[in-house]
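# Structural overview
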Amino acid sequence: METEKKKIKLQDISLGTEEPLVTVTADDLMPLPPPLNQKEKKAPYPPLSENQKKNYECSLDGVSALALPKPKSKEEEEKLVERFLRGLEKLLSQKDNWLFWQPLMQSLESCVRCQTCSDACPVYVSSGNQEIYRPTYKSEILRRIINKYIKKRGKIISKLTGDDIELNWPAVARLAELAYRCSLCRRCAQHCPLGSDNGLIGRELRKLFSQEMGIAPKELHDSGTVQQLRVGASTGISSAAFQGMVDFMEDEIEEKWGKRIKIPVDKEGADILLIHNSGEFMSWIENPVAFAILFEAAGLNWTLSSEIYGYEATNYGTWYDDVQFARISLKQVQVAQKLKIKKMVMGECGHAHKGLIVIADRILLDEMNFPRESFLPLLEELVCGDKLKLDPQKNNFPVTLHDPCNFVRLMGIVEPQRRILKKVCPQFREMEPHGVENYCCGGGSGFAIMNSTNFKEWRENISSRMKLKQILETFKDVLDPSIRKYVCAPCSNCKGAIRDILNSKDLWEKHSIYYGGLVELVANALVDTKKPFIEWEWH
């Protein structure tokens, strides 16, 4: 029997209770289409252990993305609240917030509370319209804190205008977690008639917590940017390990293509420095292998780099910390300058596109503003310009396209990938909606690699739920397991999130729904490959 949904007010963010404001149940979840249309019985995420509840803040929704330790005293709580306020002042300062002050202020000041954004948010809709996941919930709380504690409106005015929110440690702790219930897909901004960007507000909250309070997910900070600055890659790959992977790639190329090539590494003066998300080398090495085959087949003058920072396109600072972002971006560009290459080309990594191609423009000045491009227009030129000999019949199976948010909504790269797929995949079919209207994979902004406590289950069953629904609806007429199907996801983190949702529902085993990148499909269509490039082995 369904229970009535708990009514949540903005002021509840300050409640001094350890009980979660909301606990999402199976009854709350958005229904899925066949073959997953049976009523769900299992909770979308397990409760934390008693020990975790004792040690970590989890009073937002019973989920812990941050493993945020509880303060040991009232005095510690007060100091943390004060640091939050000082950080908030810096966010609102043009001098201190040198990366995003202008769009942040526009977003804070332009919202008219029409809630048009709510129905555009996959997390809000998938959760059964939980108030705390509404895009404007955290933004409106932040506005009221600003009005009361920064702009110093009087108590009477605050009460009359509804701004009377108490800023205490429970409010700060819940806001910290709430910043990691939004995947920063910015679909809300796409739908806002005034362009108010609640995704950006969430990202700036993350920045406040990281830069001023030292609060960030360990997967993004300790195991992410800190590790990348120490060894060269967020995955921990060293230069020597990278060289070993290149040797393995050459063996793979010989096996699949029937030709032995020497992958160019540290080739000075090359036209292109191709830079991958290092997760590809660890989990999907067929992706950089496909790039190498295609670039060699087209006769491009290109290179990889074994220099520290030169074999890693990721920059997790994009998601949570301007200082870490700037440190990594500068080091990546310095590698390209040292090699005297003409331009950097980003491989299949959405946030690397966002970070190094778009946001880095705000910090890379003069000679540091080095040419940086997406792989997509280049790949389109190779495929649609007939610079590769291709047989689309080799890809004669149902294929659909997942649009990574950072390609489409942020950069407007919508058509090249479609023209490529229409050229090499006879059974290409669109998801609905698609292009700039497409839904996030659910793993954006770092979610795909955040697996601590019960956050992974929250991601798979709530954050990625809309993408799962899209995939099932797109393949609804070919669910027969004898028909192999391919979800093309040209982004490393998107692949990780889609892998996890397909695996959690056994959709490869039961319905032959597979996933992979874009270049793999092009390599599979090459006329002169020795054996099929796509092996249809789950990983």
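Anything mentioned here points back to the structure above.
Quick summary incoming for the structure in this document. From a predicted model like this one, the values you see are computed outputs, not experimental measurements.

Taken in spatial order, the four strands make up an open sheet running E6-E5-E7-E8, and their pairing is parallel. The open sheet terminates on both sides in strands that have one partner only, identified here as strand E6 (428–429) and strand E8 (513–516). Of the pairings in the sheet, the one linking strand E7 (residues 485–488) to E8 comprises four bridges and is parallel in character. Residue pairing across strands places Tyr 486 opposite Tyr 514, the latter belonging to E8. Along the sheet, helix H19 (residues 416–424) contacts strand E5 (399–401), E6 and E7; its crossing angle with E5, the most-contacted strand, is approximately 175 degrees.

With that out of the way, let us pick up the environment of Thr 400. Take Thr 400: it is sitting in strand E5. The class of Thr 400 is buried, set by a relative accessible area of 0%. Separated by 91 residues in the primary sequence, Thr 400 and Tyr 309 place their C-alpha atoms 33 Å from one another. For Thr 400, the contacting residues outside a window of four places in its chain are Phe 428, Arg 429, Glu 430, Met 431, Thr 474, Phe 475, Tyr 486, Val 487 and Cys 488.

Next up on the list: helix H2 (residues 74–91). Taking 1.5 Å per residue, 18 residues should reach 26 Å; H2 reaches 26 Å between its end C-alpha atoms and fits that length. Those residues of H2 not exposed but buried are Leu 80, Val 81, Phe 84, Leu 85, Gly 87, Leu 88 and Leu 91. In an axial view of H2, the angular spread of the buried residues amounts to 165 degrees, which keeps them on one side of the axis. Residues of H2 that are exposed and point over 90 degrees away from its buried face: Glu 75, Glu 78 and Lys 79. Along its buried surface, H2 packs onto helix H3 (101–110), helix H5 (135–150), helix H7 (169–178) and helix H9 (198–213).

Moving on, we get to the pattern of salt bridges. For the structure on display, the rule yields 46 salt bridges. One salt bridge in this structure joins Glu 460 and Lys 456, with 2.4 Å as the shortest N-O distance. Here Glu 460 pairs with Lys 456, and both are found in helix H20 (residues 455–463), just four residues apart, close to one helical turn. Among the residues examined, Lys 456 registers a relative accessible area of 29% and is labelled partly exposed. If you follow the salt bridges from partner to partner, you end up with Glu 250, Asp 251, Glu 254, Arg 260 and Lys 262 in one network.

Cut-off values and rules
Residues numbered from 1 in each chain as written. Predicted model: local features only at pLDDT ≥ 70, side-chain atom pairs only at ≥ 80, totals over all residues. Heavy atoms only, no water. Pairing = 2+ DSSP bridges. Helix = DSSP H or I, 4+ residues; strand = E, 2+ residues; numbered from the N terminus. Contact = heavy atoms within 4.5 Å. Axes fitted to C-alpha atoms, helices over the stretch in contact; angles between N-to-C directions. Buried < 20%, exposed > 50% of the residue type's maximum accessible area, 1.4 Å probe, protein only. Expected span 1.5 Å × (residues − 1). Arc of directions from axis to C-beta. Salt bridge = Lys/Arg side-chain N within 4 Å of Asp/Glu carboxyl O.

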